[in-house]
Amino acid sequence: MRGTRWSLLSVLVVLAVAGRPAIEARQVAGAPPSPGQRPVPGQVGKPTQPLQPLPPLVTTGLIVGRVVDATTGRPVSGATVQMNGGVPSAPTPVQAGQPRPAPTPPPQPPRFLTDGEGRFAFRHLTRGSFNLTASKPGYADGAYGRFRPNGPSRAIQLLDNERVGEVTLRVFKYAVIAGTVVDEAGEPIVGVQLRAYRRVLQSGRRVLTLSGGGATTDDRGMYRFSNLLPGEYVISVPMTST
């Protein structure tokens with residue numbers, strides 16, 4: 001009997017010791033660690049790093065550049081340069097129970113008219129991303145980083161107290177195609193409808209796209225296409241049977 005009692009007592013002691021760490025682990029997981037105790041990975045209530053506030057905005061940035069003709073490189077005076085971008089303004093806080101104020105229209109983007117040397121300057125800028133475009137009658141619009149008509153553009157990343165100079169905006173002067181339509185005998189043909197097709201690159205292939213609308217020959221057999229983007233063109237004349 002004594003041997004049986006000793007065996008049963010040994011089993012009870014082993015079970016009590018084996019179950020103790022599980023109880024302690026559950027208690028530690030739900031409570032903060034005591035002084036001198038290492039934190040348990042994944043512990044509830046782990047302190048987090050406070051968010052760092054953004055530095056205040058300063059209006060000391062500057063962007064200076066000029067507008068030039070993409071073909072000749074000469075400065076273009078009287079061009080309108082428009083700027084978009086920057087840091088958006090924070091919404092006005094509204095207290096609980098107070099009516100929300102009516103939305104205010106966004107401010108007009110700043111514009112600058114180039115001088116006789118095609119120069120422009122935007123002052124008192126904050127940090128942010130800015131896009132610049134240039135326009136003038138008789139030219140296709142230009143933009144910073146654009147090297148062909150309707151091509152992609154780039155933004156200017158401005159830091160605090162940064163000054164960016166020598167920014168170049170290229171504009172593309174519209175082209176004109178004129179000519180005469182004659183018959184086999186060299187006589188002008190009156191009232192003929194013509195089409196202009198521009199050769200462009202699409203998906204790695206050169207294709208012809210209709211451009212500039214149409215033109216009709218006058219009483220001298222002459223036609224004229226205007227306001228065409230620079231590029232290669234094919235002028236088509238409809239075939240007629242006699």
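Residues numbered from 1 in each chain as written. Predicted model: local features only at pLDDT ≥ 70, side-chain atom pairs only at ≥ 80, totals over all residues. Heavy atoms only, no water.

Draft legend 1. Region of interest: the overall build of the protein chain. If you tally the helices and strands in the protein chain, you get one helix and 14 strands. For the protein chain, buried positions account for 24% of its 242 residues. Of the contacts made within the protein chain by residues no fewer than 6 positions apart, 72% connect residues no fewer than 24 positions apart. (Helix = DSSP H or I, 4+ residues; strand = E, 2+ residues; numbered from the N terminus. Buried < 20%, exposed > 50% of the residue type's maximum accessible area, 1.4 Å probe, protein only. Contact = heavy atoms within 4.5 Å.)

Draft legend 2. Main features of the pairing of strand β9 (residues 163–173). With seven bridges joining them, strand β1 (residues 61–69) and β9 adopt parallel strand pairing. Residue pairing across strands places Val68 opposite Arg170, the latter belonging to β9. With two bridges joining them, strand β6 (residues 139–140) and β9 adopt antiparallel strand pairing. Its bridge partner being in β9, Tyr139 is matched across the sheet by Lys173. (Pairing = 2+ DSSP bridges.)

Draft legend 3. Quick look at the nonpolar core. Ile63, Val67, Phe120, Leu132, Val167 and Leu169 are the most contacted members of the largest nonpolar core, which totals 20 residues. Of all elements in the fold, only β1, β2 (80–85), β4 (119–125), β5 (128–135), β8 (156–158) and β9 reach the threshold of two or more residues within this core. It is β9 that contributes the most residues to this core, four residues altogether. When near neighbours in sequence (up to four residues on either side) are disregarded, Ile63 contacts Met83, Phe120, Ala121, Phe122, Leu125, Phe130, Leu132, Ile156, Leu158, Val164 and Val167. Of all hydrophobic cores here, the second largest spans 12 residues; its members include Ala140, Phe172, Val181 and Phe225. (Core = buried A, V, L, I, M, F, W, Y, C linked by side-chain atoms within 4.5 Å.)

Draft legend 4. Looking closely at unusual backbone geometry. A positive phi angle, close to 60 degrees, is found at Glu166, a residue other than glycine. Positioned with a positive phi, Asn227 is a non-glycine residue whose angle comes to about 55 degrees. One can find Asn227 in strand β13 (residues 222–228). Among the residues examined, Asn227 registers a relative accessible area of 55% and is labelled exposed.

Draft legend 5. Representation of the environment of Thr168 in the model. Position of Thr168 relative to the elements: it lies in strand β9. Excluding residues within four positions of it along the chain, Thr168 makes contact with Arg66, Val68 and Tyr144.

Draft legend 6. How the structure looks around the pattern of salt bridges. The full count for this structure, using the stated rule, is four salt bridges. Residue Arg119 is joined to Asp115 by a salt bridge in which the shortest nitrogen-to-oxygen separation is 3.2 Å. Residue classification places Arg119 among the partly exposed positions, given a relative accessible area of 47%. Residue class for Asp115 comes out partly exposed when judged on its relative accessible area of 31%. (Salt bridge = Lys/Arg side-chain N within 4 Å of Asp/Glu carboxyl O.)

Draft legend 7. Expanded view of the confidence of the model for the protein chain. With 69% of its residues at a pLDDT of at least 70, the protein chain reaches an overall mean of 80. Mean pLDDT values for the elements of the protein chain range from 42 in helix α1 (residues 2–29) up to 97 in strand β7 (residues 142–143). In the predicted structure, residues 1–30 sits below a pLDDT of 50 and forms three contacts with residues beyond four places in sequence or in another chain. (pLDDT = per-residue confidence, 0-100.)

Draft legend 8. Quick peek at the sheet that holds β1. Taken together, the four strands give an open sheet; going across it, the order is β4-β1-β9-β6, and neighbouring strands pair in mixed fashion. Whereas interior strands pair on both sides, the edge strands pair on one side only; in this sheet they are β4 and β6. Bridge count for β1 against β4 is five bridges, and the pairing is antiparallel. Residue pairing for β4: Gly65 is matched across the bridge by Phe120.

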